[in-house]
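# Reading the structure
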Amino acid sequence: MKLSLKWLSSFIDLEGLGSDEIIRQMVKCGFEVESVEYMSQGTDLIVGKVIECKDHPDSDHLHLTKTDIGKEVLDIVCGAPNCREGLKVIVAQVGAKLPGGEIKAGVIRGQVSNGMLCSLKELGIDENLLPEDSPSHNGIEELDDRFEVGDTDILEKLGYDDTILDVSIYANRPDCLSMFAMAKEMGAILNREVRLPEFAGKADVGKKTDFRLDSRSANCPHFLAKVVNKVTIKESPEWLKQHLKANGVKCINNLVDISNYVMLETGQPLHFYDLRSIPAKEITVVDDYEGNYTALDGIEYKIEKGDLMITSEGKPIGIAGIMGGDNTKILDDTTGLIIEAALFDHAQIRRTSNRLGLQTEAAARFAKGLEPLAQNKAMDRAVQLLLELADAEDLEETVEYGKAQYEPYEIKESLAHLNALIGKEYTMDEAVSVMKRLSLDCRVEGDSFITSIPSYRANDLKIPEDIDEEIVRLTDFDDLRSTLPLIPQTVGKLSNIQHIRRVIRDFLRNRGFYDTVNYTLVNEKYINEAILPSGEAVEMISPLSDARRYIRTSLMNSLLEALSYNIDHNNVNINLYEISKVYTKVTEEERLGIIMEGSLIDEKVKHLNLKADFYVLKGLLEELFDSLGFEMGRITIKQNDLDTKHFHPYQSAVFMMDSQVLAIFGRLHPNYLKPLKLQDVIYGEVMLDVLDKANPAKVKAPVISRYPSVSRDISLMLKDDVKAGDMLALIRKVGRQLVKSAEVFDVYQGEHIEEGYKSVSLNIVYEDKEKTMTSEDVNAVHEKILNELLEKFEARQR
Amino acid sequence: MLDLETIKNEALNAISEADSTALEQLRIEYLSKKGKIQSLMAQMRELSAEEKPQFGQKVNVLKKAISEAMDAKKNELEESMMNARLASEKIDITLDAYRPKLGTLHPLTLVQQELEDVFIGMGYNVAEGPELESDIYNFTKANTPEGHPARDMQDTFYVDPSHLLRSQTTAIQMRVLEAEAGHLPIKVICPGKVYRRDDDDATHSHQFMQCEGLVIGEHITVADLKGTLELMIREMFSKDAKIRFRPSYFPFTEPSFEVDMTCHICGGKGCSTCKGTGWIEILGSGMVHPNVLEMAGIDSSKYTGFAFGVGLERVAMLKYGITDIRDLYTNDIRFLDGFKR
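What you are looking at is a predicted structure, and each value in this text was computed from that prediction instead of being measured.

Along chain A, the regular secondary structure elements total 20 helices and 42 strands. The dimensions of chain A, computed from C-alpha atoms along their principal axes, are 125 × 75 × 60 Å. Considering only contacts in chain A between residues 6 or more positions apart, those separated by 24 or more positions represent 69%. Put simply, chain A shows about 37000 Å² of open surface, and 48% of that area lies on carbon and sulfur atoms.

Put into structure tokens, the structure is as follows:
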């Protein structure tokens, strides 16, 4: 909402209030001022008269002037083509501050110049605000007889001394999109009296009419129309044009200008039809029109079912609430008109306006909601102005469809309720005086005050808390004390999944991984190439772009993107992870994605290097799960047969827990990495919901055996498809509780080993919790294990 | 007698000049079974019974003196050897060390965890909800029915006519209200990702994070809201920060306030961060609208509550001096490396 302070000052005495103070008060009362625009800017301006004007000897366009400013005569060099002797001009004296900078005494091509003769444009006035015949378009401004040499109130006299505030209006105050309501609001904010023009009942004139109105849509519940048979089209008076200009509205002629002006004043968009274009004397609002229609901007729009259209004789004559039609608009020779003041459903207007991409002042006001009596007020005001400014004659009585939806009502609030909600001690005087400032009728009954709500505040003031807000807003609030809620104590703690996330983050951070946050919305390729998606991807109805069309169903491609970005920026050893929700049409899941490229440890000083590979990630995941209370054993590993398109088929695996897939991980498939220009990437995706829903093992203190343990090694030659996991399982099965630990500590293939075979060295530690094992005891179990290994895996001892 | 004194002087002189090999030799020369002390003892046999004890005592004193001198010398020699060894092991302490490399937590995670910890400390729980939401929780229950002008304030990603990517974590609050209506009081914070149809630039992101807070109970006041937010701001930014309320509008609170904090850079004197005002806009808040309570089945004549919401990006950017919101979503490890603590 553009708020012209000059216009405002015609309703409120702003004496003694600078724009800074006004803005400060507005902000305090809940109005944010987005920008301040000075219609013109310039200090040290004075009226001068060019008493001599000669051509500059060294220039084909500069003039040398002697300009009389009363107190002295200045030498000023001027480049304007219209500069001539006898002209009254605006002189910016040395030291003047203009939008383009400060004026300094100087020498221009060898000639002294002590000031500047100004165009209005040089004073910051927008070209669009200048009258069409203004000399300032192409030269310096030429002042008329109102100005005397030595005058300094130039901008005021020209009417360009306005300051325009761009005020953002919250959705609960659409009334403030009307100048009259805004003026009332400003009166309340500044605590000053407001005088608005009287126009109630001005439309109650006119002869009998046979004009007919109808609405065939529930989205147009109220419509006023009035025929004015005779008007005179001409230029609007200067004051009206100035107010429109200050609001950035283009001036056309008195008729169009009045319709725009009344909208600015009352908030109600009006439309004037040329009387000749509706010969049937009938208007019907419909919402079932389909087809193309050319609006008064000359552009053809595609109208669909649901859009509100104004029709006559079944033919469209305007897009309701958004823009009038090309076939019915006011023309230069218009001599009679029909006034439309209607209420259209805000949601429907917003839908149509958004779909057509047609954002007009009218549509914005309808979309934000009008006050219930706006149609009647605007009709009264329009008639008043047409009579005054357009010599309106031969009016017909107002035709009405429906009725304004407003029943006067009151809100009762008690001081006790007010003070209990806010935590302050307002007095009745304070409460009532705020209502008075808002020009709301208010009476006191015991501990309560009862406020009558006028139509223009009906959108916003509905319940006692709304009244409380007005009091908070318009009184000093900085002295509110700080307390804490006095309610029963509660225990705050992280939920299970929140705890799991923190464990994971600490674990990975301490091992060199970076926590990342990636975008949820991804392109189609990321969906097609997802890891174990749980269903079909969810698509946006109107995405920002194809790159952000779908909700991702897996994390891998986002992490690959982050990885590629880092590689492209010459970063090395990139180990990233992300914890995020992923969605399909039927599921919500939380996943952990881990990506590794290069080395996890790359320590030059100690020559430590741990290159990321299948086993590094496998071990990290095992230890991570262990730290969450899920040991291997409960978690089993199996060959990856779920996704061999993105994973290397022989260097990837799946962790299962409680017969669910817990994680898939391993080396990514070279074919998938190739087009991404990536070489060797290790990736894992973990289903965190599986961890969240499972019960972790209880923490139990380990029993440390008081008896010594005995360590034995075995070296075997086996076929190379024998799995270490199967051997270790067998060892545990045979040795039972006597096997304290068993591990493979060396695997060798190559020289001296037959093709298709491998040499495997195992270490087994034996321990009996009841007694010291003798070497006979150890031999007995060790022999048994060895024999089983030899037999079961067709192995040879080395 | 003179004999003993001479032996002593000779021995002590020799000890004082000995190296470790010579010291071992001297030990044999004087203290072994065939050493000089032992041979003195042998002389005792030639003495009278009266002289024997006296002489014996003197020899013992002599033996002790030599033995002690030897031990002292030995210690001295060992110490100097150790010193020499240590000196030979001198290293350059300024050389690069083995430094186990830590990763980092994302700045948004850091801010979220810090907020969680502040509020858990005050007895709040941390609630979450789906990012793919029904418009009922995102809007309707937040006092923003269909066609409400406030739906205009946030251009939302719809996936079908009634489902969307949530545009505000208020949706979580509405779920908590519904679930906990029978278990008052409620004290929760609701962190999470939200989405709006904004083009990404230095200050806008179509995806960002919010953390909202909600307290419902008896006799909750705006003053309680102020006290709570003041504590939060002081924990997150600066111990002596102050806040002020500016009237504002949100559909689900009444009255509503924007909250400014004193600038954490200049302390309120005015600087470029706060554009010279001394204040920084940090969050939105208000008293839960009675309609919202009633829709959740909570008696609004008995219970009141406050709600607030803060943007995690905004907090992170202010706290860490981040100037481009896109840096938070690029995941460049050179950037992430700056958040080790």
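So, about the sheet that holds strand β2 (residues 32–38) of chain A. Residues and elements named next belong to chain A. Reading across the sheet, the 3 strands line up as β1-β12-β2 and stay open at both edges, with antiparallel pairing between neighbours. Sheet topology places β1 (2–4) and β2 at the edges, where each strand pairs with a single neighbour. Ignoring strand direction, the axes of neighbouring strands in this sheet form an average angle of 25°. Across the sheet, helix α2 (residues 19–28) is in contact with β1, β2 and β12 (163–168); its angle to β12 comes to roughly 10°.

Further remarks concern the domain arrangement of chain B. Considered domain by domain, chain B is made up of domain 1 (2–88) and domain 2 (107–336). Averaged C-alpha coordinates put domain 1 of chain B and domain 2 of chain B at centres separated by 88 Å.

Our next topic: the side chain of Asn419(A). All names here are of chain A. Tracing the sequence through the fold places asparagine 419 in helix α10 (residues 415–422). Note on asparagine 419: relative accessible area 18%, which makes it buried. Contacts of asparagine 419, omitting those with residues within four sequence positions, involve Lys424, Glu425 and Tyr426.

Before going further, it helps to spend a moment on the side chain of Glu282(A). All names here are of chain A. With respect to the helices, strands and loops of the structure, glutamate 282 is situated in strand β16 (residues 282–286). Although glutamate 282 is buried, it makes no salt bridge; arginine 212 carries the closest opposite charge, 5.6 Å away. At a separation of 2.8 Å, a polar atom in the side chain of glutamate 282 contacts the main-chain amide nitrogen of glutamate 313. Leave out the neighbours within four places in its chain, and glutamate 282 touches Phe211, Arg212, Thr311, Ser312 and Glu313.

Our next topic: the packing of helix α7 (residues 346–356) of chain A against helix α8 (residues 361–368) of chain A. All names here are of chain A. Relative to each other, α7 and α8 sit at 140°, their axes nearing to 7 Å. By the angle between their axes, α7 is oblique relative to α8. For the pair α7 and α8, the crossing hand works out as left-handed. When α7 is examined against α8, the residues His346, Ile349, Arg350 and Ser353 are found in contact with a partner set consisting of Ala363, Phe366 and Ala367. Class assignment of the residues belonging to the contact of α7 with α8 gives a composition of 4 nonpolar, 2 polar and 1 charged.

Right, let's talk about a nonpolar patch on the surface for a bit. On the surface, Ile601(A), Leu608(A), Leu610(A) and Tyr98(B) cluster together into a nonpolar patch covering about 320 Å² of accessible area. The residue Leu610(A) is located in strand β34 (residues 608–611) in this model. A relative accessible area of 34% places Leu610(A) in the partly exposed class.

Now for the domain arrangement of chain A. Partitioning chain A into domains gives domain 1 (2–39 + 163–190), domain 2 (45–158), domain 3 (212–402), domain 4 (411–455 + 462–474), domain 5 (496–693) and domain 6 (710–797). Taking only C-alpha atoms, the centre of domain 3 of chain A and the centre of domain 6 of chain A are 93 Å apart.

So, on to the packing of aromatic side chains. Considering all chains together, one arrives at 19 aromatic pairs over all chains under this definition. Taking the centre distance of 6.4 Å and the plane angle of 35° together, the rings of Phe306(B) and Phe308(B) count as tilted. Both residues of the pair, Phe306(B) and Phe308(B), count as buried. Members of the aromatic cluster, each reached through a chain of ring pairs, are Phe614(A), Tyr615(A), Phe625(A), Phe655(A) and Phe665(A). The residue whose ring lies beneath Lys157(A) is Phe147(A), and the NZ or CZ to ring-centre distance is 5.4 Å.

Contacts between the two partners involve 90 residues from chain B and, on the opposite side, 86 residues from chain A. It is Pro247(B), Glu254(B) and Ile333(B) in chain B that bury the most area against chain A; as a group they hold 9% of the surface buried on that side. Remark: the boundary between chain B and chain A carries 40 residue pairs in polar contact (both at pLDDT 80 or more). Residue composition of the side of chain B that touches chain A, by class: 38 nonpolar, 23 polar and 29 charged.

A few words now on the sheet that holds strand β39 (residues 710–719) of chain A. Across a sheet, strands are paired by hydrogen bonds formed along the backbone, either parallel or antiparallel in direction. All names here are of chain A. As summarised here, the arrangement of the 4 strands in space is β40-β41-β39-β42, forming an open sheet in which the pairing is antiparallel. With one partner strand each, in any of the chains shown, β40 (739–748) and β42 (796–797) form the two edges of the open sheet. One ladder, built from 8 bridges, connects β40 with strand β41 (residues 757–766); its direction is antiparallel. Note that in β41 the partner of alanine 742 across the bridge is isoleucine 764. Against the sheet, helix α19 (residues 724–735) contacts β39, β40 and β41, and its axis sits at roughly 155° relative to β40.

What follows concerns the state of the cysteines. According to the stated counting rule, one finds 0 disulfides over all chains in the structure shown. For the unlinked cysteine Cys176(A), the closest cysteine sulfur is that of Cys29(A), found at 12 Å. The cysteine Cys263(B) is free of any disulfide, with Cys266(B) supplying the nearest cysteine sulfur at 3.6 Å. Owing to a relative accessible area of 2%, Cys263(B) belongs among the buried residues under this scheme.

The next subject is helix α9 (residues 374–389) of chain A. Residues and elements named next belong to chain A. In a regular helix each residue adds 1.5 Å, so 16 residues correspond to 22 Å; α9 covers 22 Å between its end C-alpha atoms and thus fits that length. Taken across its 16 residues, α9 has 12 buried, putting it largely inside the fold. Restricting attention to buried positions, one finds in α9 the residues Ala374, Gln375, Ala378, Met379, Asp380, Arg381, Ala382, Val383, Gln384, Leu385, Leu386 and Leu389. Following α9 by one or two positions, aspartate 391 adopts a phi angle in the positive range, close to 50°.

Cut-offs used in this document
- As a convention, each chain's residues are numbered from 1 in the sequence order in which they are written.
- Labels are handed out in written order, letters beginning with A for the chains and numbers beginning with 1 for the ligands.
- Local features in this predicted model are restricted to residues whose pLDDT is 70 or higher, and side-chain atom pairs enter the listing and the counts only when it is 80 or higher, whereas totals over whole chains, interfaces and linings include all residues.
- Side-chain numbers come from the whole structure's heavy atoms, not from hydrogens or water.
- Helix numbers and strand numbers start at the N terminus; a helix is a DSSP run of H or I with at least 4 residues, a strand a run of E with at least 2.
- What makes two residues a contact is simply this: any of their non-hydrogen atoms within 4.5 Å.
- Surface exposure here means Shrake-Rupley accessible area, sampled with a 1.4 Å probe, where a residue is shielded only by the protein chains that are shown.
- At least two bridges found by DSSP between two strands are what make those strands a pair.
- Whenever a helix is involved, its axis is fitted only over the stretch in contact; in every case the axis is a line through C-alpha atoms, and angles between N-to-C directions fall within 0 to 180 degrees.
- Boundaries between domains were set according to an automatic or database domain assignment.
- Remark: exposure states derive from per-residue accessible area (1.4 Å probe, protein chains only) relative to the maximum for the residue type, with buried under 20%, exposed over 50%, and partly exposed in between.
- Neither His nor the chain ends is counted toward charge; the positive residues are Lys and Arg and the negative residues Asp and Glu.
- Between Lys or Arg on one side and Asp or Glu on the other, a salt bridge is scored when a side-chain nitrogen of the former is within 4 Å of a carboxyl oxygen of the latter.
- Here a polar contact is recorded for every N or O atom pair within 3.5 Å, except that within protein the pair must consist of a potential hydrogen donor and a potential acceptor, and residues adjacent in sequence are included only if both atoms are side-chain atoms.
- Oblique is the label for any angle not under 35 degrees, not over 145, and not in the 65 to 115 range, which are roughly parallel, roughly antiparallel and roughly perpendicular in turn.
- By the definition used in this description, the sense in which the near helix is turned from the far one sets the handedness, with an anticlockwise turn below a right angle giving left-handed and a clockwise turn giving right-handed.
- The classification used treats Ala, Val, Leu, Ile, Met, Phe, Trp, Tyr, Cys and Pro as nonpolar, Asp, Glu, Lys and Arg as charged, and all other residues, Gly among them, as polar.
- Residues qualify for a patch when their relative accessible area is over 30% and they have no salt bridge, like charges being joined within 9 Å and the nonpolar side chains of Val, Leu, Ile, Met, Phe, Trp and Tyr within 5 Å.
- The rule is short: rings of Phe, Tyr and Trp, with Trp giving its six-membered ring, pair when the centres are within 6.5 Å, and they are stacked under 30 degrees, edge-to-face over 60, tilted in between.
- Only lysine NZ and arginine CZ atoms are considered, and such an atom sits over a ring when it is within 6 Å of the ring centre and within 35 degrees of the ring normal.
- Two parts placed together each lose some accessible area under a 1.4 Å probe, and the buried area is that loss summed for both.
- Criterion for a disulfide: a pair of cysteine sulfur atoms at a distance within 2.5 Å.
- What a helix is expected to span follows from its residue count: subtract one and scale by 1.5 Å.

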